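# Commentary on secondary and tertiary structure
Letter by letter, the chains look like this.
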Amino acid sequence: MQAAPVRATAIPSFGTALRAVESLLLSGGQRTARRNAWTSVLEDRRRAKDRVEAQRVLDQSPTATSL
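Residues numbered from 1 in each chain as written. Predicted model: local features only at pLDDT ≥ 70, side-chain atom pairs only at ≥ 80, totals over all residues. Heavy atoms only, no water.

Looking now at the packing of helix 1 (residues 14-25) against helix 2 (residues 28-60). Between helix 1 and helix 2, whose axes approach to 9 Å, the crossing angle comes to 135°. By the angle class used here, helix 1 and helix 2 are oblique. Seen from helix 1, the contacting residues are R19, E22 and S23; seen from helix 2, they are R31, R34 and R35. Residue composition of the contact of helix 1 with helix 2, grouped by class: no nonpolar, one polar and five charged. (Axes fitted to C-alpha atoms, helices over the stretch in contact; angles between N-to-C directions. Helix = DSSP H or I, 4+ residues; strand = E, 2+ residues; numbered from the N terminus. Parallel < 35°, antiparallel > 145°, perpendicular 65-115°, else oblique. Contact = heavy atoms within 4.5 Å. Nonpolar A, V, L, I, M, F, W, Y, C, P; charged D, E, K, R; others polar.)

Our focus in this paragraph is the pattern of salt bridges. For the coordinates displayed, the defined rule picks out five salt bridges. One salt bridge connects R47 with E43, and the closest N-O pair in it is separated by 3.6 Å. Pair noted here: R47 and E43 are both in helix 2, with a separation of four residues, about one helical turn. Under the relative-accessibility criterion, R47 is labelled partly exposed at 36%. The salt bridge involving R47 is made with D44; its shortest N-O contact spans 2.3 Å. Taken together, the positions of R47 and D44, both in helix 2 and three residues apart, correspond to about one turn of that helix. Judged by its relative accessible area of 43%, D44 is partly exposed. Salt bridges here are not isolated pairs; linked through shared partners, they connect E43, D44, R46, R47 and D50. (Salt bridge = Lys/Arg side-chain N within 4 Å of Asp/Glu carboxyl O. Buried < 20%, exposed > 50% of the residue type's maximum accessible area, 1.4 Å probe, protein only.)

In structure tokens:
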């Protein structure tokens, strides 16, 4: 008895499906602008997270005036 054949075609991810729909609805320039905007949002979030972490480290360290 042989095992059933394995499917070689991967099911597309949600992101892949979204990009496919996007390519149908938006022109190339709009697509690029949207991706650039989203990249900026992600970078802003990363910088905000870094600021919070840096502030937390500074708050835990002894103050410069007490040295």
